[in-house]
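Structural overview for review
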Amino acid sequence: MKTEIIFKFMLTAILALLVAVYSLYYKFVIYILSWFSPDWLTWNKYSEGMLRTLEKKILQIVKTAYRGWYVDIGPVVGPADKIWTISFNTDSPNTPLVLLHGLGAGVALWCLNLDAFAASRPVYAFDLLGFGRSTRPQFSNDATEAEQQMVKSIEEWRREMKLESFVLLGHSMGGFLAAAYALSYPDHVKHLVLADPWGFPEKPPEFKELPLWIRTLSYMLQPFNPLTGIRVAGPLGPWIINTLRSDITKKYAAALEQQELIPQYIYQCNSQTPSGESAFHAMMSGFGWAKNPMVKRIDQMRKDVPITLLYGSRSWIDHSATDIIKNKRIDSYFKLQVITGAGHHVYADKPEAFNQIVLEACSHADRSVKNKHLALMPSHDESEKTESDAGSRSNQ
């Protein structure tokens, strides 16, 4: 185990060095090669067709029928932005569930969760603008503006989808954006589910407790986009991903016969123009924290937006803001769930436990909608009262 840790540290350090060198000569080399541009000179192996194929192969394990298409959200950041979307069970009358992935991910990584979610309600998952198969505009370098651009893209997607309200689930960076969206558009969020969210606490003066690879990336890659090393590695990218983060591949091993699909998919998602990744870089402070941490704003969120916060007991994410959030939401529904043995990718580490927690939040949203509907109906018996969710709105 110790040898493996040393090896991963050395590999990370080498990648950081390569990134530094790469930043100095990459543009010049690309300019020279553009005069020739034969296929054998192409170092970056991104292929739109390959990404589409890999996504389809991974989603083959999902038994529920789904539809995939591009949602045209117009000139939100770029001149014509489109968001790749997949949907399930859209005829269900229950509260829809909308999924926002984390940094460097895409819709296919929800493959262990989709059947469970779609069994009882409409489910929508999309590649965030600047990620996966969605278009890749140039975001602002300002943290606040980049966040607002991301939030606006989610809202324009909602408008095009004509979804009035839904449960919003965000993982990691997606959790940060989900909270930012709920701050700006609370009318549309029936329940906010934060899965090991990034960007909530303030950055501490010291962070010695974090894993070595996180500290190395924080110090050495601060000037660069976080996933630059994958693009520097070129065709070796999938091997680098599988070597440094073999744990991610193992999470899907029981479900996928072709275990190389996951690192190849992650590589194809991130070997493109780092558009959304640049937005994340603008918002981040030392990789593990946000320049505008959510803990400073969570008290501004409308009190009738219920929050379920869940994370893995072995996650590297800083959860120091949990108690602060609980105290700032004292008059609102707030439920904390810790999944034992799960890491940061809690949705894949312990999918059964994760799915159950999310579905409980969805059921809470269903009950809230039902109670609101009953409250609006005329009653002939003044003594008859509908079920109240007042008890569940207190902190748990």
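Everything here concerns the structure above.
Structure report, in brief. (Residues numbered from 1 in each chain as written. Predicted model: local features only at pLDDT ≥ 70, side-chain atom pairs only at ≥ 80, totals over all residues. Heavy atoms only, no water.)

A word on the nonpolar core. Counting residues in each nonpolar core, the largest one holds 55 residues, and the members touching the most others are V98, W157, L168 and L192. Among the elements that make up this core, the one with the highest residue count is helix 5 (residues 173–184) (8 residues). Discounting residues that sit within four places of it in the chain, V98 has contacts with Y124, F126, W157, L163, F166, V167, L168 and L169. In terms of nonpolar packing, the next biggest core, distinct from the first, is built from 49 residues, I58, I86, A105 and A108 among them. (Core = buried A, V, L, I, M, F, W, Y, C linked by side-chain atoms within 4.5 Å. Buried < 20%, exposed > 50% of the residue type's maximum accessible area, 1.4 Å probe, protein only. Helix = DSSP H or I, 4+ residues; strand = E, 2+ residues; numbered from the N terminus. Contact = heavy atoms within 4.5 Å.)

Another aspect to go through is the sheet that holds strand 5 (residues 166–171). Strand order in the open sheet made by the 8 strands is 1-2-4-3-5-6-9-10, with mixed pairing throughout. Of all strands in the sheet, those with a lone pairing partner are strand 1 (66–74) and strand 10 (334–339), marking the two edges. When strand polarity is set aside, the average angle formed by the axes of neighbouring strands in this sheet is 20°. Bridge count for strand 9 (residues 307–312) against strand 10 is 6 bridges, and the pairing is parallel. (Pairing = 2+ DSSP bridges. Axes fitted to C-alpha atoms, helices over the stretch in contact; angles between N-to-C directions.)

Okay, unusual backbone geometry next. What you tend to see is this: most non-glycine residues have negative phi, and most peptide bonds are trans. Even without a glycine there, the phi angle at K162 is positive, about 60°. Of note, K162 is situated in the loop between helix 4 (143–161) and strand 5.

Every other side chain in a regular strand lies on the same face of the sheet, so the side chains alternate between the two faces. Covered by surrounding structure in strand 3 (residues 97–100) are L97 and L99 together with V98 and L100, the residues of both alternating faces. Sheet analysis places strand 3 next to strand 4 (residues 123–126), joined by 4 bridges and oriented parallel. Bridging across to strand 4, L100 finds its partner in F126. Pairing analysis gives 4 bridges linking strand 3 to strand 5, with the strands arranged parallel. When the bridges of strand 5 are listed, L99 appears paired with L169.

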